[in-house]
Every structure is written in structure tokens, then in C-alpha cells.
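Examining the three-dimensional arrangement
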Number of protein chains: 2
Amino acid sequence: MAQISETAIRFPEEDINLLAYLTQKSGLFNVWNTNTSIIANDLGISQQSVSRVLRELENAKLIIREASTSGVKISLADNGRNALKKHYELLRNVFSSDIKSLSCKITSGLGEGRYYMSFSQYKKQFIEKLGFEPFEGTLNLEVDIAKVNNFLLNGVCININGFETKERTFGGLKAFNVKVSAKNNKNNKKINAALIMPDRTHHDKNVVEIIANKNLRNKLKLKDNQEIEITLD
Amino acid sequence: MAQISETAIRFPEEDINLLAYLTQKSGLFNVWNTNTSIIANDLGISQQSVSRVLRELENAKLIIREASTSGVKISLADNGRNALKKHYELLRNVFSSDIKSLSCKITSGLGEGRYYMSFSQYKKQFIEKLGFEPFEGTLNLEVDIAKVNNFLLNGVCININGFETKERTFGGLKAFNVKVSAKNNKNNKKINAALIMPDRTHHDKNVVEIIANKNLRNKLKLKDNQEIEITLD
DNA sequence: ATTACTAGGTTGCGAGTAG
DNA sequence: TCTACTCGCAACCTAGTAA
């Protein structure tokens, strides 16, 4: 499963971007016949800086460089290929979704969501951006937030803006259109809904909420502690 | 199909690495409660620099930052998420292999390979690194080198070193263990072989060679212009 | 045409420290 | 404790130009 590494990442070379650029041009295994002015123009820096940086990359054994009065030939060195691949795999862990559906328990929850849903400033945005008027009451779900992040990767993130009243400030929300169904239940209807996550959700917090235009507890005949299944819309 | 973009890439922010780091920590959608010293320690730069860089990222609207005397809360802004995703997709084009086998025509070729195979300096390395003594003669293949790069991604790159004689210099080679079979032929034997590409192959050149420990033309009953199929070993 | 050296200006870095 | 300002020093950048 894709997951977020807990180890600290150190970037020994700040040149990953340049390596990525060169790789786009040469491919991973081949030689690119070019000159420093072309690269300078692409990257928006001076010819002189390109010359210097390429020499630095060569000294760091990240690229193989062959300079002459007719230009430079550049290819990736093994080290450069490996460094770039490492960087790619790090990003792949963040960006590759391999969770197609979420199964999670309904927590009894205090229905904090119900309180928020009662504010027209939120309601208005839900109608406008999600296309339905939410039932005043939410399902609170106990989740592993890292799994949720992974699951949501291919979803469309809809931003619900926060607002202020005289009494207090209400934070922004992120909403994702989803479908919800009950698990282990003869009733396997799928109901359109939205997964809601406050902008301020901490990366190790573990509760998200589901809203819909109807009472999901009734419609899906849900009991407390029952599991539901969520898929992307 | 994954392919190498021909458009110039400009990096508006040199901060992709830092964004990638932060994303590892916070996830794509959540808030990370930390402090500048922790990040400084992770990245090997000073607390002061982290403070400055985070403010820069905030000004560039790449992250959302909330600093106080008890630390900083950091999350990705939409722009930051998009910038990072763009960078990821660029790398994915380079690194994600979606070509499982290569079909290519045998060119009549002048058997340049045969000449090279006759040098013990190469032969010795083939025996040692590939595990077989190459038949003195190669198949020349007409290919799209970008496709070959993609195909070879999951292969193991074996470097064959170049050498010098009194007369001339012989360049290094890259070798990949593969299996070769004839296409459109009752004989569908798969024979162990190696795909060979000179280190100096230009990114738009279009010939690679195949070597094996036997005469592939005979063993696979190949005619000129016939297609063969190559898979990774 | 190229690459790349030199010189001088600019930006970035971090120790000290204020708030 | 934190963040983040000041400022001296180092690293980086590019215009001019040599090779």
C-alpha cells in the first residue's frame, strides 16, 4: 500500500529539478546533444550558470558531460538515474492511490456536524458546490487519515470557505463527492454523499464526516458501530 | 503511453524538494503541527533558513502557514498540491513503464556488432557480467529509442566498460538481459539474449543490437525484415 | 559558433538575539 | 520555549570576454 514514510528525508543534491529536466530531454539512458544556451533559455537562467551547474553535476557524478566548442553532450550517470528514481518513488508514495474504497465504522459522535450544517454560510456553499442541500446531521467516521488521503487522491477536492460571525470563526472545509453504502446488510443501495474534512484536520487525527441530502442513518438502516463503505463518485 | 515531452519545462519554484518533504509529513490535505527546528534538523539547514523559506512558500501561495510562539502549522495550498502533482506527473512519464515487450524489425545491418564482439576486452566482460560467451554476430534492430527506454525501465542496466587500443577508443555499452523470440512463426522458442546499447546512443538514434550465445538467425529461423519480440528476462 | 574564466553585484545563509 | 529580525560573510549569479 502507498503510505507516507515516517523517516526524515534529506536532499543531498538540490539539483533534482535540473536532473528531471535533463532526463526529459535525453531519456534515462541516452545522450542529448545540445548547448548551454538552449538549456539557459529553457530554464530562464544565464548560459554561464548552466555551464557552471553542468560542471557541478558532473563533479557530483550525477551526469556524464562532454563539452566542446560545438556544444555539450549530456547523459545521466548511474548515480543521477538512481537519485532521480529515489525522488520519484518518494512522490509515488504520496500520489499513487491504491485504495479504491474505504470501509469505516460510524462513531456515536456528538453530531458536531449537525451544528455546523445549520449555518447558512456553509449550507449555501454546499448547495452551490456540491449540488445538494445537506440533511442537518452527519455521520462521524473513525478512519486512518493516511488511508483517507490515499483514497481521496483521485477525487476532486472542493473547497468550502470559512467565515466569521460576531461570536467566533468557522474554518474552511474540504469536500469530496462520494457514494456511501451499508456493509454486511441486505440493503446495498449506494447513496450520493460528500466526505467532509476540516481544512485544519491534523495529519494524525482520525475523524471525518459524511453529509448527504437525506438522513443516511435511516436510508441505509444503519446501527451504531456498523461499517459503511465509501467509494469515489 | 508514457513518452518524453518535447516541451521545455520551466521550474517557477525551486522549492519542489521542500514541498515534497512537507507533503511527506503532512499528507496532501492535512495540517502538520511542527516547528522550524525540527524541519531544520531534517533538512540540514538552520532554523532561521527554515523560517525564511516557509514564509517564502507562503507568499508564493504554495503552503498555508500559521506561526506562533508554540510552533508552526503547515499544510499544502491548492497551488502547492498542483505544482507538486505536475512535477510528479512529469517524472511518471519518465519512470513508469507501460511497454512490456518490444516488437522490432531486423535491419540488414552491416554487423558492426560482429566486429566489436571480436575484441576480448568486451568478450571478457560479457562472460563475466552477462553469464554467456556471445556468438560473434549480432542482430541489428530498428527501434524507436524512446519506446526502448520505456521498455527497459524495469530491466537491470549492466554497464560494459569501454577501453583503448593503440589504434582507437572503444566506448562503453549498456546491456540488459532479455528473451527473444521470432514473430509470426511456428517457432516460438524464447532464447536468452542481451539488448546492447552504446553509452553514446543519441536520444533520437534508432538502432540497438541483440547478442546471444548462439546464432539467433539460425536458431529462430529468422529472415531479413522479419519481426522479433523482446521481453525482459 | 561554442564553453567557461573573471570580476563585481546580488542573494542566501546562519549566529546572535529580540519579542 | 517558540518565530523571526539584523547583519556579516559566503555562495551564487551574470555581463564581459578569452579561448
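Quick look at the structure, then. Keep in mind it's a predicted model, so treat the numbers as computed, not measured.

For the rest of this paragraph, the subject is the pattern of salt bridges. Residues and elements named next belong to chain B. Per the counting criterion, the structure on display carries 15 salt bridges over all chains. Across the pair Lys174 and Asp199 runs a salt bridge, and its minimum N-O distance is 3.0 Å. Residue Lys174 is found in strand S9 (residues 173–182), and its partner Asp199 is found in the loop between strand S10 (191–198) and strand S11 (207–211); the two are separated by 25 residues along the sequence. The partner of Asp233 in a salt bridge is Lys179, with the nearest N and O atoms 3.4 Å apart. Of this pair, Asp233 sits in the segment after strand S12 (227–232) while Lys179 sits in strand S9, and the two are 54 residues apart along the sequence.

Here we come to the packing of aromatic side chains. All names here are of chain A. Considering all chains together, one arrives at 18 aromatic pairs over all chains under this definition. Look at Tyr115 and Phe119: their rings are 5.2 Å apart centre to centre, the planes differ by 90 degrees, and that puts the pair in the edge-to-face class. An aromatic cluster is defined as three or more aromatic residues linked by ring pairs; in this entry it consists of Tyr115, Phe119, Tyr122, Phe163 and Phe170. A cation over an aromatic ring shows up here: Arg168 above the ring of Phe170, its NZ or CZ 4.2 Å from the ring centre.

Okay, the protein's contact with DNA strand D next. Around DNA strand D there are 17 residues in total, and Ser49 and Arg52 of chain A together with Thr36, Arg55 and Thr69 of chain B lie nearest to it. Protein-proximal atoms of DNA strand D, defined as those within 4 Å of the protein, fall in sugar or phosphate at a share of 61%. Gln47 of chain B is positioned with one of its side-chain polar atoms (N or O) 2.8 Å from a base nitrogen of DNA strand D. One of the side-chain N or O atoms of Arg55 of chain B is found 2.5 Å from a phosphate oxygen in DNA strand D. At the level of elements, helix H3 (47–59) of chain A together with helix H3 (47–59), strand S2 (63–68) and strand S3 (71–76) of chain B are the ones that each hand at least two residues to the surface near DNA strand D. In terms of residue count, the dominant contributor to the surface near DNA strand D is H3 of chain B (four residues).

Time to look at helix H1 (residues 16–26) of chain B. All names here are of chain B. Of all 11 residues making up H1, 11 are buried, and the element is well covered by its neighbours. Here H1 has its buried residues at Ile16, Asn17, Leu18, Leu19, Ala20, Tyr21, Leu22, Thr23, Gln24, Lys25 and Ser26. After H1 finishes, the residue Gly27 shows a positive phi value of roughly 80 degrees.

This paragraph deals with the relation of the copies chain A and chain B. The transform that puts chain A on chain B rotates by 180 degrees and translates by 0.0 Å along the axis, for an RMSD of 0.1 Å. Here the symmetry operator amounts to a two-fold rotation axis. Proximity to the rotation axis, assessed at the C-alpha, singles out Tyr88 of chain A in chain A; its C-alpha lies 3.6 Å from the axis. When the interface residues of chain A are mapped onto chain B, 100% of them again lie at the interface, so the same face is used by both copies.

Quick look at a positive patch on the surface now. On the surface, a cluster of positive charge is contributed by Lys189, Lys214, Lys219 and Lys221 of chain A. When you line up the elements, Lys214 of chain A lands in the loop between strand S11 (207–211) and helix H8 (216–219).

With that settled, the discussion passes to the protein's contact with DNA strand C. Close contacts around DNA strand C come from 17 residues, with Thr36, Arg55 and Thr69 of chain A together with Ser49 and Arg52 of chain B the closest. Near-protein atoms of DNA strand C (within 4 Å) split between backbone and bases, with sugar and phosphate holding 62%. For DNA strand C, a phosphate oxygen lies 2.6 Å from a polar atom in the side chain of Ser49 of chain B. Contributions of two or more residues to the surface near DNA strand C are made by H3, strand S2 (63–68) and strand S3 (71–76) of chain A together with H3 of chain B. Examining the composition of the surface near DNA strand C, we find that four residues originate from one element, H3 of chain A, more than from any other. Looking at side-chain class alone, the surface near DNA strand C contains three nonpolar, 11 polar and three charged residues.

The next thing to look at is the pairing of strand S9 (residues 173–182) of chain A. Residues and elements named next belong to chain A. For S9, a buried count of eight out of 10 residues is recorded, marking the element as mostly surrounded by other parts of the structure. By the bridge criterion, three bridges tie strand S6 (residues 158–160) to S9 in an arrangement that is antiparallel. Bridged to Ile160 within S9 is Leu173. Pairing of S9 with strand S10 (residues 191–198) involves eight bridges; the strand directions are antiparallel. Paired with Asn177 across the bridge in S10 is Ala194. Both S9 and strand S12 (residues 227–232) contribute to a ladder of five bridges, which runs antiparallel. Each bridged residue has a counterpart across the sheet, and for Ser181 the counterpart in S12 is Glu229.

Rules behind the numbers
Residues numbered from 1 in each chain as written. Chains lettered and ligands numbered in written order. Predicted model: local features only at pLDDT ≥ 70, side-chain atom pairs only at ≥ 80, totals over all residues. Heavy atoms only, no water. Salt bridge = Lys/Arg side-chain N within 4 Å of Asp/Glu carboxyl O. Helix = DSSP H or I, 4+ residues; strand = E, 2+ residues; numbered from the N terminus. Phe/Tyr/Trp six-rings, centres within 6.5 Å; stacked < 30°, edge-to-face > 60°. Lys NZ or Arg CZ within 6 Å of the ring centre and 35° of its normal. Near = heavy atom within 4 Å. Polar contact = N/O pair within 3.5 Å; in protein donor to acceptor, adjacent residues only side chain to side chain. Buried < 20%, exposed > 50% of the residue type's maximum accessible area, 1.4 Å probe, protein only. Least-squares fit on C-alpha atoms with pLDDT ≥ 70 in both. Contact = heavy atoms within 4.5 Å. Patch = residues over 30% accessible without salt bridge, like charges linked within 9 Å, V, L, I, M, F, W, Y side chains within 5 Å. Areas by Shrake-Rupley, 256 points an atom, 1.4 Å probe, with all protein chains shown as cover. Lys, Arg positive; Asp, Glu negative; His and termini not counted. Charge placed at Lys NZ, Arg CZ, Asp CG, Glu CD. Nonpolar A, V, L, I, M, F, W, Y, C, P; charged D, E, K, R; others polar. Pairing = 2+ DSSP bridges.

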